[in-house]
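What the coordinates show
Letter by letter, the chains look like this.
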Amino acid sequence: MSALTFTLKQRPDQRVDMSPLVCQKLVDLELAEIAAITLQNGKRKIRVDELFSIAGADAQNIVIKNSFGKLDFIGKELDGGRITVEGDAGAYLGLGMKSGEIEVSGDVGLYAACEMKKGKLIINGNAGDFLGAALPGNKMGMKGGTILVKGNVGERAGDHMRRGNILIEGNAGDYCGSRMTAGTIAVMGQTGRYLGFAMRRGTLLLWNQPQASARFNDCGAHTLAFLPILFASFKKLNSKFADNSAAFNRVQRYAGDMSEMGRGEVLVKIS
Amino acid sequence: MIINGVAIDATFAEAFPMKATRAIITAQNEKWAMISAQAMTGFATSVIACGCEAGIERVLDPSETPDGRPGVSVMIFAMGGKGLAKQLETRAGQCVLTSPTSALFAGIDGGTRIALGKNLRYFGDGFQVAKLIDGKRYWRIPVMDGEFLTEATTGQVDAIGGGNFLVLAQSQPQALAACEAAIEEMRKIPNVIMPFPGGVVRSGSKVGSKYAALGASTNDAFCPTLKGMTKTDLSPEIESVMEIVIDGLTKEDIDKAMRVGIQAVCDLGAANGIKRISAGNYGGKLGPFHFHLQEIMA
């Protein structure tokens, strides 16, 4: 069975709420029924077939072609199956995702994978602010799963993060890991200002020395036994994180944020 | 049945259901993984007084261990799940947590989950760190040599304890040499342990005693010095009897271990003073699993 493919006919001026087009909601629907679903487009509703040409039948494997940065809520609360986005994605990609896999070939907007519970999200381009974070006012961000970003991420990545892995091959913006409760964020590139601001627990694993902060205390150089296991878990990914040359177990450990609970850690690779 | 001059008795070993678990200990090198494993499986020969039966299953190559370091696989057997969990936790806490450079991992993925390092984490006094990696929870406990890494739980499965056979020889050195040969072969079989010292027990027991307080006592029918004063099971030329006890995950595992062990003994044969192979058979009082020697060796 070929993938259920939505090809964008032309870019609408207003943003589109794509949340009805997730695998579990389409699984028993005929193409005509899918075509008749209405999507919120700015302040009006628009039929799916007005926006997309539809082909294929496998609702467990959805492809969105010609996607661009105004298609919001792609894969919202996805519960199994796979969504492939060819192009960019808008805000709230994979919001509250429960399981399954989403891959985006381009860039994604704000709040990608925010409050994600499980599953895998792969972003081949850059991600906006609040990647894997909590919605405004909520206290619990990403609770599980893995996010892989091959480009750079914006500010506040992993804000209020509770569990899971955020793997960033590029750079991270300011406040990376802010208010983290637990989980792991790994950054191969550079990190911005206020790294781990108010983090309570969790691990920020860095390839490059971050800016010095009075809120983190140096605990010295260590060889940590869990790191080879963590890197082994990345082997299945199509990523620089899977390379043997990326793995290390010798780190400088900084504990913080000391103005908060202080049980978090920044681990910086010692080359 | 006679193999290489050794008579195989038409009898069976009686074994009983147990609960078992496996843990993997790794360390900076094999020496320290083995030291930790030996400590963890010490004083665990028999459930009669040790609370569990434990042994080293095998040495693991770094490629087989979760953290890529040299390791040792240990198995622990107990009569019930609660007792097993208690033994595992105290032994892990006193013998592995304390052992330099060690780390501790689950050796069984399925089964009922029981605490491995789940409660040891409190030793970290609040400084412990949890990591959930590929669905498995690990605890990083700060200790004086660095960090003790342990998986939170391991699997508990149904198992069988008390598989056994007796080696009847013309002399004590010959009995021991035969048992050593058997153990060497049996240690190559996975999923089994031989929990007694060096895998061999010289004080096989029978059920009951003349003393009311004791549930087990010396197996007088197989004691060579009592040949003239008890209802002996020994012929005049037998001067020494030793037993090998096997605990295993399944009946097939114990079958296999008994077969290679008995074969190794028989390979030495009558020429090396080995006269008979028998088994601990208590008339069905002990357990539901019966390992018939002649069927195993057929």
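Treat the numbers as computed from the prediction; the structure is a model and nothing was measured.

Quick look at the overall build of chain B
Counting secondary structure elements, chain B contains five helices and 17 strands. Taking 298 residues into account, the globule formula puts the C-alpha radius of gyration at 19 Å, and chain B, at 21 Å, falls close to it. With the principal axes as the frame, chain B shows a C-alpha extent of 65 × 40 × 30 Å. Looking at chain B as a whole, 52% of its 298 residues qualify as buried. The contacts of chain B with a sequence gap of at least 6 include a subset with a gap of at least 24, amounting to 73%. If you sum the accessible surface of chain B, you get close to 12900 Å²; carbon and sulfur atoms cover 55% of it. Each charge sign in chain B was given a centre, from 28 positive and 30 negative side chains, and these centres are 5 Å apart.

Remarks on the overall build of chain A
Looking only at helices and strands, one finds four helices and 17 strands in chain A. Whereas a compact globule of 271 residues would reach a radius of gyration of roughly 18 Å, chain A reaches 19 Å, a difference of no more than 12%. When burial is assessed residue by residue, chain A has 56% of its 271 residues classed as buried. The long-range share in chain A, meaning contacts at least 24 apart out of those at least 6 apart in sequence, stands at 41%. Summed over all atoms, the accessible surface of chain A reaches about 10900 Å², with 46% contributed by carbon and sulfur. Here chain A carries 34 positive and 27 negative side-chain charges, and the mean point of each set is 5 Å from the other.

A look at the domain arrangement of chain B
Residue and element names in this part refer to chain B. With domains assigned, chain B is organised as domain 1 (2-14 + 160-297) and domain 2 (18-157). Look at where the C-alpha atoms of domain 1 and domain 2 centre, and you get two points 30 Å apart. Each side of the interface is counted separately: domain 1 has 15 residues, and domain 2 has 15 residues. Around 1100 Å² of area is buried between domain 1 and domain 2 when both sides are counted, 65% of it from carbon and sulfur atoms.

Examining the packing of aromatic side chains
Across all of its chains, the model carries 14 aromatic pairs over all chains by this definition. For the pair tyrosine 175 of chain A and phenylalanine 197 of chain A, a centre-to-centre distance of 5.5 Å together with 80 degrees between the ring planes defines the contact as edge-to-face. Of the two residues, tyrosine 175 of chain A is situated in the loop between strand 12 (165-168) and strand 13 (184-187) and phenylalanine 197 of chain A in the loop between strand 13 and strand 14 (203-206); the sequence distance between them amounts to 22 residues. The exposure class assigned to phenylalanine 197 of chain A is partly exposed, which follows from its relative accessible area of 33%. Taken together, a centroid distance of 6.2 Å and an interplanar angle of 70 degrees make the contact between phenylalanine 105 of chain B and tyrosine 138 of chain B edge-to-face. With a gap of 33 residues between them, phenylalanine 105 of chain B in strand 6 (residues 103-106) and tyrosine 138 of chain B in strand 9 (residues 136-143) connect regions that are remote in the sequence. Look at tyrosine 138 of chain B and you get buried, because its relative accessible area is 5%. Through a chain of ring-to-ring contacts, the aromatic side chains of Trp207, Phe231, Phe234, Phe241 and Phe248 of chain A assemble into a single cluster. Directly above the ring of tyrosine 175 of chain A sits arginine 156 of chain A, whose terminal nitrogen or CZ lies 4.1 Å from the centroid. The cationic tip of arginine 263 of chain A hangs over the ring face of phenylalanine 127 of chain B; the distance from NZ or CZ to the ring centre is 4.8 Å.

Let's talk about helix 3 (residues 172-186) of chain B
Residues and elements named next belong to chain B. Taking 1.5 Å per residue, 15 residues should reach 21 Å; helix 3 reaches 21 Å between its end C-alpha atoms and fits that length. Those residues of helix 3 that sit buried are Ala175, Ala178, Cys179, Ala182, Ile183 and Met186. Take helix 3 and look down its axis: the buried residues cluster within an arc of 135 degrees, on one side only. In helix 3, the exposed positions that point more than 90 degrees away from the buried face belong to Pro173 and Glu184. Where helix 3 is buried, its residues touch strand 11 (153-169), strand 12 (192-193), strand 15 (240-248), helix 4 (251-268) and strand 16 (274-278).

Observations regarding the interface of chain A and chain B
The interface is formed by 16 residues belonging to chain A together with 15 residues belonging to chain B. Here chain A packs against chain B, burying approximately 1300 Å² in sum over the two surfaces, 60% of which is carbon and sulfur. Considering only the surface of chain A that becomes buried against chain B, Phe226, Ile229 and Arg263 of chain A emerge as the three largest contributors, covering 43% of it. Applying the counting rule to chain A against chain B returns two salt bridges. The salt bridge involving aspartate 134 of chain B is made with lysine 236 of chain A; its shortest N-O contact spans 3.2 Å. At the boundary of chain A with chain B, the tally comes to six residue pairs in polar contact (both at pLDDT 80 or more). By residue number, the principal contributor to the side of chain A that touches chain B is helix 4 (residues 226-233) of chain A, which donates five residues. Class assignment of the residues belonging to the side of chain A that touches chain B gives a composition of six nonpolar, five polar and five charged.

Quick notes on the rules
- Throughout, a residue's number is its position along its own chain's written sequence, starting from 1.
- Chains and ligands are labelled sequentially in the order written, the chains with letters from A and the ligands with numbers from 1.
- Reporting of local features is limited, given that this is a predicted model, to residues whose pLDDT is at least 70; pairs of side-chain atoms are given and counted only at 80 or more, and all residues count toward the totals for whole chains, interfaces and linings.
- Processing note: side-chain calculations cover all non-hydrogen atoms of the structure and skip hydrogens and water entirely.
- Every helix listed is a DSSP run of H or I at least four residues long, and every strand listed is a run of E at least two residues long, numbered separately from the N terminus.
- Atoms considered for the radius of gyration are the C-alpha atoms alone. The globule rule reads 2.2 Å times the number of residues to the power 0.38.
- In this scheme, a residue with accessible area under 20% of its type's maximum is buried, one over 50% is exposed, and one in between is partly exposed, where area comes from a 1.4 Å probe on protein chains only.
- Note on contacts: a residue pair qualifies if any of its non-hydrogen atoms lie within 4.5 Å across the two residues.
- Accessible surface is estimated by sampling points in the Shrake-Rupley manner with a 1.4 Å probe; for residues, cover comes only from the protein chains shown.
- Counted charges follow a simple rule, with Lys and Arg positive, Asp and Glu negative, and His plus the chain ends left uncounted.
- A charge is said to be at NZ when it belongs to Lys, at CZ for Arg, at CG for Asp and at CD for Glu.
- Residue ranges for the domains originate in an automatic or database domain assignment.
- Here the buried area means the combined drop in accessible surface, using a 1.4 Å probe, for two parts upon being joined, counting both sides.
- For Phe, Tyr and Trp, where Trp contributes only its six-membered ring, two rings pair if their centres lie within 6.5 Å, and the inter-plane angle classes them as stacked under 30 degrees, edge-to-face over 60, or tilted in between.
- Criterion for a charge above a ring: Lys NZ or Arg CZ within 6 Å of the ring centre, and within 35 degrees of the ring normal.
- By this rule the span expected of a helix is its residue count minus one, scaled by 1.5 Å.
- Taking the helix axis as origin, the arc is that swept by the directions to the C-beta atoms.
- Take a side-chain nitrogen of Lys or Arg and a carboxyl oxygen of Asp or Glu: if they are within 4 Å of each other, that pair is a salt bridge.
- The term polar contact refers here to a pair of N or O atoms within 3.5 Å; inside protein, the definition further demands a hydrogen-donor-capable atom paired with an acceptor-capable atom, and it admits residues adjacent in sequence only when both atoms are side-chain atoms.
- Charged means Asp, Glu, Lys or Arg here, nonpolar means Ala, Val, Leu, Ile, Met, Phe, Trp, Tyr, Cys or Pro, and polar covers whatever is left, Gly included.

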